[in-house]
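Structural features, examined
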Amino acid sequence: MSSTTASVSFKVLLSSLPRGEPLSTAALQARGLSAFRASALARSGWLVHLARGVYMLPGDTLTRDGSLAFLSEQTPGLHVGGKTALAWRGVRQNIAFRERLNLWGDTPRRLPDWFTERLPASYQATQLFDDALPQGFGLQPLPAGDSRVLVSAPERAMLELLSDVGKAQSLAEACELVESLSGLRAKVLDQLLRHTTRIKVVRMAATCATDMKLPWAALATRHSERIGGGARWVAVGRTGERLDLRRP
């Protein structure tokens, strides 16, 4: 095939490629473009090489949701969680100049440079729930969002937020956000707390709810008593903040 014919063929292929998201060699191969040919097209400027086996169209702008959808295909359980999930659902205290995404997943990994250079983000694979929790429970796309991008429901996002206290999350802001939450579904929260493995998270939820007289305080207290632990739970987080949680 001549270079002219190859260029024409790729121009035809361009019309079927998604905009705003990276392109994997697997996706290109599904459209009849071999990995060898993709590499050659990148060298000639028809594709932009982002990382091994990852490309984008020249002149394209990677969108947040397109990039997250691409990562979701490579990362089991990837979802937007914690503070970011609450913010996306309209619960926030401060508007950040540049949003930092809180991402969660099932397996440890390093976010690729092409992603973090465009979208500041943190990723963790903290096992907050036991294996008996149904897969994907408390995760759903936003009503007007990309169906491929899962976001924690408010009840799950709250527990993920509390898990981050003592890391990069302050207790004061976490309590303010918890207090701002309204309409939490008791059945969903009960299911999540039933499978939460972290004493700190369950006890913090019970303490915050009791202190602020939230409607689900009795539910959280019941689970705090069930999960046990000493009468007092004390720890110093990475930020130096001291957490002193007494059993409600």
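Once that is clear, we can look at the overall build of the protein chain. Summing up its helical and strand segments, the protein chain has eleven helices and ten strands in all. Buried positions account for 47% of the 248 residues belonging to the protein chain. Taking contacts inside the protein chain between residues at least 6 apart in sequence as the whole, the part at least 24 apart equals 61%.

Summed over the entire model, instances satisfying the criterion amount to two aromatic pairs. Here the aromatic rings of Trp 114 and Phe 115 are separated by 5.9 Å at their centres, their planes lie at 80°, and the arrangement is edge-to-face. Phe 115 shares its class with Trp 114; the two are buried. Among the aromatic residues, ring-to-ring pairing joins Phe 70, Trp 114 and Phe 115 into one connected group. The aromatic ring of Trp 88 is capped on one face by Arg 64, whose charged end is 3.8 Å from the ring centroid.

As a further point, take the confidence of the model for the protein chain. Scored by pLDDT, the protein chain comes out at a mean of 88, with 87% of its residues at no less than 70. Contacts of residues 1-5 to residues separated by more than four positions or lying in other chains number two contacts, the stretch itself having pLDDT below 50.

To continue, consider the sheet that holds strand β1 (residues 23-24). Strand order in the open sheet formed by three strands is β1-β3-β2, with antiparallel pairing between adjacent strands. Unpaired on one side and paired on the other, β1 and β2 (48-51) mark the two borders of the sheet. Where β2 lies against strand β3 (residues 54-56), three bridges are found, and the strand directions are antiparallel. Looking at β3, one finds that Ala 51 is bridged to Val 54.

The N-to-C vectors of helix α7 (residues 154-164) and helix α8 (residues 171-180) enclose an angle of 165°; their axes lie 10 Å apart at closest approach. In terms of axis orientation, α7 runs roughly antiparallel to α8. Note on packing geometry: the crossing formed by α7 with α8 is left-handed. Only Ala 174, Leu 177 and Val 178 of α8 make contact with α7, whose side of the interface consists of Met 158, Leu 161 and Leu 162.

The full count for this structure, using the stated rule, is one cavity of 30 Å³ or more. Within this model, the largest cavity holds a volume of roughly 40 Å³. Forming the boundary of the largest cavity are Leu 68, Ser 72, Leu 78, His 79, Val 80, Leu 103, Val 149 and Leu 150. Those elements giving two or more residues to the lining of the largest cavity turn out to be α4 (64-74) and β4 (79-80). For the lining of the largest cavity, the per-class residue count stands at six nonpolar, two polar and no charged.

Here we take up the nonpolar core. Membership of the largest hydrophobic core comes to 56 residues, with the highest contact counts inside it found for Leu 103, Phe 115, Met 158, Leu 159 and Trp 216. The element contributing the most residues to this core is helix α10 (residues 199-211), with seven residues. When neighbours within four sequence positions are excluded, Phe 115 is seen to be in contact with Ser 67, Leu 68, Leu 71, Leu 101, Leu 103 and Ala 121. Core analysis: the next-biggest nonpolar cluster, separate from the first, contains 13 residues, Leu 13, Leu 14, Leu 17 and Leu 28 among them.

Relative orientation of the contacting elements α7 and α10 amounts to 110°, with a least axis distance of 9 Å. Considering the angle they form, α7 stands roughly perpendicular to α10. Between α7 and α10 lies a crossing whose hand is right-handed. Every residue of α10 that contacts α7 at Leu 159, Leu 162 and Ser 163 is listed here: Lys 200, Val 201, Met 204 and Ala 205. Looking at the contact of α7 with α10, its residues break down into five nonpolar, one polar and one charged.

Right, let's get into the layout of surface pockets. The volume enclosed by the second largest pocket comes to roughly 440 Å³. Contributing to the lining of the second largest pocket are 20 residues, with Asp 106, Phe 129, Asp 130, Leu 133 and Arg 156 lying nearest its centre. Looking at the lining of the second largest pocket residue by residue, the class counts come to eight nonpolar, seven polar and five charged.

Below, the discussion takes up unusual backbone geometry. A positive phi angle, near 55°, is found at Lys 213, a position not held by glycine. Here Lys 213 is to be found in the loop between α10 and α11 (217-227).

How each quantity is defined
- Residues numbered from 1 in each chain as written.
- Predicted model: local features only at pLDDT ≥ 70, side-chain atom pairs only at ≥ 80, totals over all residues.
- Heavy atoms only, no water.
- Helix = DSSP H or I, 4+ residues; strand = E, 2+ residues; numbered from the N terminus.
- Buried < 20%, exposed > 50% of the residue type's maximum accessible area, 1.4 Å probe, protein only.
- Contact = heavy atoms within 4.5 Å.
- Phe/Tyr/Trp six-rings, centres within 6.5 Å; stacked < 30°, edge-to-face > 60°.
- Lys NZ or Arg CZ within 6 Å of the ring centre and 35° of its normal.
- pLDDT = per-residue confidence, 0-100.
- Pairing = 2+ DSSP bridges.
- Axes fitted to C-alpha atoms, helices over the stretch in contact; angles between N-to-C directions.
- Parallel < 35°, antiparallel > 145°, perpendicular 65-115°, else oblique.
- Left-handed = near helix turned anticlockwise from the far one by under 90°.
- 1 Å grid on protein atoms, 1.4 Å probe; cavity = no way out; pocket = protein on both sides within 12 Å on 5 of 7 lines; lining within 4 Å.
- Points joined across faces, edges and corners; volume = space filled by probe spheres on them.
- Nonpolar A, V, L, I, M, F, W, Y, C, P; charged D, E, K, R; others polar.
- Core = buried A, V, L, I, M, F, W, Y, C linked by side-chain atoms within 4.5 Å.

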